Amino acid sequence: MRNIYEFGEIPVEVYHRGTYFKEVCKDYLAEEKAPMFSIRATDEDLAFEQKHAEGDTKFSKSYLEYIALYRLFCEQAVSQGVFLCHGSVLEMDGNAYMFTAPSGTGKSTHTRLWRETFGERVTMINDDKPLLRVKEDGIYAYGTPWDGKHHLSTNGNAKLKGICFLKQAKENRIRLIKTEEILPLIMNQVYRPQTVEGMLKTMDFVNQLINRVPMYVLECNISEDAAKLAYETMSK
């Protein structure tokens with residue numbers, strides 16, 4: 001099968017065999033647009049994804065293709081100023097807020113607290129693997145169909161107001177990150193391309209991200225107060 005999709009404002013020609021990709025990506029179809037590049041996952045690409053999957057689960061070829069195609073897309077998207085950053089991103093009152101941390105720390109739990117606290121003012125952009133795009137007026141976060149186990153995302157975007165690194169704690173407190181702390185934290189969450197050229201572009205992107213988007217550390221518990229503290233600080 002061959003279709004054109006658009007992710008992060010990049011139209012891409014996708015050749016796919018399985019039904020999983022077709023189903024989850026249907027809201028991103030853009031057949032009327034001219035693709036910037038093409039991607040196709042080989043059997044070797046599928047084997048790579050299975051080998052590097054977490055745990056011992058044996059995934060279907062259709063699902064592995066869905067994962068492999070995103071990796072192939074992200075490898076080429078960096079040349080267009082679009083990057084993958086692991087995190088949970090929501091939009092509230094026109095601004096995007098990203099929460100990131102190692103898997104299992106509670107990113108999805110924290111964004112759920114925002115939805116419970118602020119209700120319909122909150123829209124999930126992506127709960128796991130959003131795209132970030134560099135624009136003249138700032139960095140924008142985009143929804144993608146690669147959205148984690150809860151499948152929370154929307155085909156939309158918003159300007160990134162702040163990034164918050166989460167840590168579990170009994171009491172809630174938040175602070176701006178010191179400049180010398182930022183690089184290792186953000187590099188652990190940004191997708192790293194396999195080529196030297198792609199990695200150089202990624203490092204330039206990270207530098208722009210650090211200089212253009214405020215970053216915080218939030219030590220928090222599972223309470224509405226944690227969501228309120230994060231919003232009151234990051235929205236200023």
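Residues numbered from 1 in each chain as written. Predicted model: local features only at pLDDT ≥ 70, side-chain atom pairs only at ≥ 80, totals over all residues. Heavy atoms only, no water.

K.L.:
Describe the nonpolar core, naming the residues involved and giving the relevant values.
P.N.:
Tyr5, Phe7, Val12, Phe21, Phe73 and Leu131 are the most contacted members of the largest nonpolar core, which has 27 residues in total. Mapped onto this core, the elements with two or more residues apiece are strand E1 (2–7), strand E2 (10–15), strand E3 (37–40), helix H3 (61–77), strand E4 (82–84) and strand E9 (138–142). With eight residues, the single largest contributor to this core is H3. Formed by 25 residues, the second largest nonpolar core is a distinct cluster that contains Val89, Ile182, Val190 and Phe205. (Core = buried A, V, L, I, M, F, W, Y, C linked by side-chain atoms within 4.5 Å. Buried < 20%, exposed > 50% of the residue type's maximum accessible area, 1.4 Å probe, protein only. Helix = DSSP H or I, 4+ residues; strand = E, 2+ residues; numbered from the N terminus.)

K.L.:
For the pattern of salt bridges, give the residues involved together with the corresponding values.
P.N.:
Scanning the entire structure with this criterion turns up 13 salt bridges. One salt bridge connects arginine 17 with aspartate 43, and the closest N-O pair in it is separated by 3.1 Å. Of the two residues, arginine 17 sits in the loop between E2 and helix H1 (19–24) while aspartate 43 sits in helix H2 (residues 43–51), which places them 26 residues apart along the sequence. Taking the relative accessible area as the measure of exposure, aspartate 43 reaches 47% and is therefore partly exposed. Between arginine 121 and aspartate 93 there is a salt bridge, with the nearest N and O atoms lying 2.4 Å from each other. Residue arginine 121 is located in the loop between helix H4 (107–118) and strand E7 (122–126), and its partner aspartate 93 is located in the loop between strand E5 (88–92) and strand E6 (95–100); the two are separated by 28 residues in the primary sequence. Connected through shared salt-bridge partners, Arg17, Asp43 and Glu65 make up one network. (Salt bridge = Lys/Arg side-chain N within 4 Å of Asp/Glu carboxyl O.)

K.L.:
So what's going on with unusual backbone geometry? Which residues, and what values?
P.N.:
Residues other than glycine seldom take positive phi values, yet glutamate 9 does so here, at roughly 70 degrees. Counting through the fold element by element, glutamate 9 comes out in the loop between E1 and E2. Within the chain, aspartate 93 stands out as a residue other than glycine whose phi angle is a positive 55 degrees.

K.L.:
Help me get a handle on the pairing of E7, residues and values and all.
P.N.:
Of all five residues in E7, four are buried, a share of seventy percent or more. When E5 meets E7, the two strands line up antiparallel, connected through four bridges. Residue pairing in the sheet places methionine 92 in a bridge with valine 122 of E7. (Pairing = 2+ DSSP bridges.)

K.L.:
Let's hear about the sheet that holds E3: which residues, and what values?
P.N.:
Strand order across the open sheet formed by three strands is E1-E2-E3, with mixed pairing between neighbours. Edge positions in the sheet fall to E1 and E3, since each of these pairs with one other strand and no more. Averaged over all neighbouring strand pairs, the angle between strand axes comes to 35 degrees, with direction disregarded. The pairing of E1 with E2 spans six bridges and is classified as antiparallel. Each bridged residue has a counterpart across the sheet, and for phenylalanine 7 the counterpart in E2 is isoleucine 10. Sheet strands in contact with H3 are E1, E2 and E3, and its direction is about 150 degrees off that of E3. (Axes fitted to C-alpha atoms, helices over the stretch in contact; angles between N-to-C directions. Contact = heavy atoms within 4.5 Å.)

K.L.:
Summarise the packing of aromatic side chains; cite the residues concerned and give the values.
P.N.:
By the definition in use, this model includes 21 aromatic pairs. Ring geometry for phenylalanine 7 versus phenylalanine 73: centroids 5.5 Å apart, planes at 85 degrees, classification edge-to-face. Taken together, the residues span a long stretch of sequence, with phenylalanine 7 in strand E1 and phenylalanine 73 in helix H3 at a distance of 66 residues. Judged on exposure class, the residue phenylalanine 7 and its partner phenylalanine 73 are both buried. In textbook terms, an aromatic cluster arises when at least three aromatic residues are bridged by ring pairs, as seen for Tyr5, Phe7, Tyr20, Phe21, Tyr28, Phe37, Phe59, Tyr63, Tyr66, Tyr70, Phe73 and Trp146. (Phe/Tyr/Trp six-rings, centres within 6.5 Å; stacked < 30°, edge-to-face > 60°.)

K.L.:
Mind laying out the packing of helix H5 (residues 179–187) against helix H6 (residues 196–212), listing which residues take part and the relevant values?
P.N.:
Direction vectors running N to C along H5 and H6 enclose 130 degrees, while the axes themselves pass 11 Å from each other. When the interaxial angle is binned, H5 and H6 end up oblique. Between H5 and H6 the crossing geometry is right-handed. Between H5 and H6, the residues in contact are Ile182, Leu183, Ile186 and Met187 and Met199, Met203, Val206, Leu209 and Ile210, respectively. Its residues assigned to classes, the contact of H5 with H6 comprises nine nonpolar, no polar and no charged. (Parallel < 35°, antiparallel > 145°, perpendicular 65-115°, else oblique. Left-handed = near helix turned anticlockwise from the far one by under 90°. Nonpolar A, V, L, I, M, F, W, Y, C, P; charged D, E, K, R; others polar.)

K.L.:
Can you break down H4 residue by residue, with the values?
P.N.:
Under the 1.5 Å per step criterion, the end-to-end length of H4 is 17 Å for 12 residues, consistent within 8% with the ideal 16 Å. By the burial criterion, the buried members of H4 are Lys107, His110, Thr111, Leu113, Trp114 and Phe118. Angularly, the buried residues of H4 cover 145 degrees about the axis, an arc narrow enough to put them on a single face. The positive-phi residue at the C-terminal boundary of H4 is glycine 119, with phi of around 60 degrees. (Expected span 1.5 Å × (residues − 1). Arc of directions from axis to C-beta.)

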